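# Secondary and tertiary structure notes
One letter stands for each residue in the lines below.
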Amino acid sequence: MVTRVTTVAFQGIDAVPVDVQAHIAPGFPGLVLVGLPDKAVRESGERVRAALTASGLGLPPKRITINLAPADLPKEGSHYDLPIALALMSALGAIPQDALDGYMAVGELGLDGRLAHVGGVLPAAMAASARGLGLVCPTGSGPEAAWAGDDLDIIAADSLVALANHLTGLQLQARPKPGRQLADAAQLPDLADVRGQAVARRALEVAAAGGHNLLMVGPPGAGKSMLAARLPSILPPLSARELLDISMIQSIAGELAGGVLSDRRPFRAPHHSASMAALVGGGLRVRPGEASLAHNGVLFLDELPEFAPSGENTKVLL
Ligand SMILES: Nc1ncnc2c1ncn2[C@@H]1O[C@H](COP(=O)(O)OP(=O)(O)OP(=O)(O)O)[C@@H](O)[C@H]1O
Ligand SMILES: [Mg+2]
């Protein structure tokens, strides 16, 4: 019999559904992972095996095959641990398959069966909600997932055992609450600190009101860096849609600590020695770079002329 658990693969900030299928059959003992897994996903087999043993569920000495479908889509990241473990637990009869049918799962496993937070939980939760599914995730990711909507069914657990107890109805986990932003606005640099500089301040105001780019030229110590850092303080508040967009990018980049969404616009100031990939993003899973992380906020290129060691970089900045 084949057991299935739904999870996601990330393409930019889009979460594409992936079907994790587990099959246990007589044959030469071993665990094979197929469906274009990358190195982190391939290693997941070892983590899952140890985590299941630690949770009191040793894998039988049989031929175990895990397929990640669609097989032609490359899989990257450590969030496949949990869906693989759940599919195997279902194949071993520890969790009924119908308890898993209405859920999507993401999470990383420790060797002791504990669940660890992974990046991209917010886009995964949005994808689950759009497909009418619930989400199974680690406790640490719960506050982030809860932002995807009040009607999304979320199971956030500490360990595989706690998860199995919830799914079999032995001990239920409470639904996590969305992480809240702490009120630390007072620590933000404020344009009110600037003395004089009427023209520069006016320029900042015009740029902030119209969403224009700004090129600052002036002698050292004139206050260019200082003024740029204060631009976010006069930008309009984020709309709900913008907040969600920037949070999804931060989630994929693993920068949403504790599921706390920030209601302030991003201010990114990459160093001029930053590589092309760090600036514009890249990789198989297309990790966001500084330009994406500054979405709906400010991308500040301090010491701009220093940025262009190669022809390629110049093209990006012009
Ligand atoms: N109009 C001002 N009001 C308040 N403080 C100022 C003002 N102008 C400059 N300063 C002070 O001078 C310091 C130096 O400014 P800043 O580092 O922003 O200069 P800069 O133009 O970026 O110089 P550089 O070209 O060397 O990078 C600031 O941290 C700030 O303390
Ligand atoms: Mg400066």
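This one's a predicted model, so the numbers in the text were calculated from it and none came from an experiment.

## Examining the domain arrangement of the protein
Taken domain by domain, the protein consists of domain 1 (2–167) and domain 2 (185–317). Summarising the inter-unit geometry, the C-alpha centres of domain 1 and domain 2 are found 36 Å apart. Counting from both sides, the interface comprises 16 residues of domain 1 and, opposite them, 13 residues of domain 2. Taken together, the two surfaces of domain 1 and domain 2 that pack against each other cover about 1500 Å², and 69% of this comes from carbon and sulfur.

## Side note on the nonpolar core
In a soluble, globular protein the nonpolar side chains are often hidden away together inside. Ranked by internal contacts, the top residues of the largest apolar core, which has 40 residues, are Leu-86, Leu-88, Leu-160 and Leu-163. With seven residues, the top contributor of residues to this core is helix 2 (residues 81–91). Setting aside anything within four residues of it in sequence, one finds Leu-86 in contact with Val-5, Ile-95, Leu-100, Ala-105, Val-136, Leu-163 and Leu-167.

## Examining the site of ligand 1
Taken together, Val-194, Arg-195, Gln-197, Pro-219, Pro-220, Gly-221, Ala-222, Gly-223, Lys-224, Ser-225, Met-226 and Glu-303 make up the full set of residues near ligand 1. Gly-221 is positioned with one of its backbone polar atoms (N or O) 2.9 Å from an oxygen atom of ligand 1. Protein contact buries 60% of the 640 Å² of open area that ligand 1 shows by itself. Classifying every residue of the shell around ligand 1 gives five nonpolar, four polar and three charged.

## Section: unusual backbone geometry
Here the residue pair Ala-69 and Pro-70 is connected by a cis peptide bond, since its omega of 5° sits within 30 degrees of zero. Its location among the elements puts Pro-70 in the loop between strand 4 (63–69) and helix 2. For Leu-36, which is not glycine, the phi dihedral falls at a positive 55°. Tracing the sequence through the fold places Leu-36 in the loop between strand 3 (30–34) and helix 1 (39–54). With a relative accessible area of 45%, Leu-36 lands in the partly exposed category.

## A few points about the environment of Asn-213
With respect to the helices and strands, Asn-213 occurs in the loop between helix 7 (198–210) and helix 8 (224–229). Along the sequence, Asn-213 and Arg-114 sit 99 residues apart, while their C-alpha atoms lie 47 Å from each other.

## Remarks on the side chain of Glu-290
For Glu-290, the location among the structural elements is in helix 11 (residues 290–293). On the basis of relative accessible area, Glu-290 is assigned to the buried category, the value being 15%. Within the local environment of Glu-290, its side chain forms a polar contact with the side chain of Arg-268, the two groups lying 2.8 Å apart. The contacts of Glu-290, once residues within four sequence positions are left out, are Arg-268, Pro-270, Ala-278, Leu-279 and Leu-299.

## Section: the layout of surface pockets
Considering only enclosed or pocket space, the largest pocket measures out at about 1100 Å³ in volume. Surrounding the largest pocket, 38 residues form its lining, Leu-214, Leu-215, Leu-299, Phe-300 and Leu-301 being those nearest its centre. Of all elements in the fold, only helix 7, helix 8, helix 10 (276–280), strand 11 (298–299) and helix 12 (311–317) reach the threshold of two or more residues within the lining of the largest pocket. For the lining of the largest pocket, a count of residues per class yields 25 nonpolar, eight polar and five charged.

## Comments concerning a nonpolar patch on the surface
On the surface, Leu-215, Val-217 and Leu-304 cluster together to form a nonpolar patch covering roughly 330 Å² of accessible area. Inspection of the secondary structure assignment puts Leu-215 in the loop between helix 7 and helix 8.

## Overview of the packing of helix 4 (residues 121–130) against helix 9 (residues 240–252)
For the pair helix 4 and helix 9, the least separation of the axes is 7 Å and the interaxial angle reads 120°. Relative to helix 9, the element helix 4 lies oblique. The residues of helix 9 that touch helix 4, namely those facing Val-121, Leu-122, Pro-123 and Met-126, are Leu-244, Ser-247, Met-248, Ser-251 and Ile-252. Partitioning the contact of helix 4 with helix 9 into residue classes produces seven nonpolar, two polar and no charged.

## Some words on the environment of Ile-246
Secondary-structure assignment places Ile-246 in helix 9. Looking at Ile-246, the relative accessible area reads 2%, which means it is buried. Separated by 156 residues in the primary sequence, Ile-246 and Ser-90 place their C-alpha atoms 36 Å from one another. Among residues more than four places away in sequence, those in contact with Ile-246 are Leu-238, Arg-264, Pro-266, His-295 and Asn-296.

What counts, and at which threshold
Residues numbered from 1 in each chain as written. Chains lettered and ligands numbered in written order. Predicted model: local features only at pLDDT ≥ 70, side-chain atom pairs only at ≥ 80, totals over all residues. Heavy atoms only, no water. Domains from an automatic or database assignment. Contact = heavy atoms within 4.5 Å. Buried area = accessible area lost by both parts, 1.4 Å probe. Core = buried A, V, L, I, M, F, W, Y, C linked by side-chain atoms within 4.5 Å. Buried < 20%, exposed > 50% of the residue type's maximum accessible area, 1.4 Å probe, protein only. Helix = DSSP H or I, 4+ residues; strand = E, 2+ residues; numbered from the N terminus. Near = heavy atom within 4 Å. Polar contact = N/O pair within 3.5 Å; in protein donor to acceptor, adjacent residues only side chain to side chain. Areas by Shrake-Rupley, 256 points an atom, 1.4 Å probe, with all protein chains shown as cover. Nonpolar A, V, L, I, M, F, W, Y, C, P; charged D, E, K, R; others polar. 1 Å grid on protein atoms, 1.4 Å probe; cavity = no way out; pocket = protein on both sides within 12 Å on 5 of 7 lines; lining within 4 Å. Points joined across faces, edges and corners; volume = space filled by probe spheres on them. Patch = residues over 30% accessible without salt bridge, like charges linked within 9 Å, V, L, I, M, F, W, Y side chains within 5 Å. Salt bridge = Lys/Arg side-chain N within 4 Å of Asp/Glu carboxyl O. Axes fitted to C-alpha atoms, helices over the stretch in contact; angles between N-to-C directions. Parallel < 35°, antiparallel > 145°, perpendicular 65-115°, else oblique.

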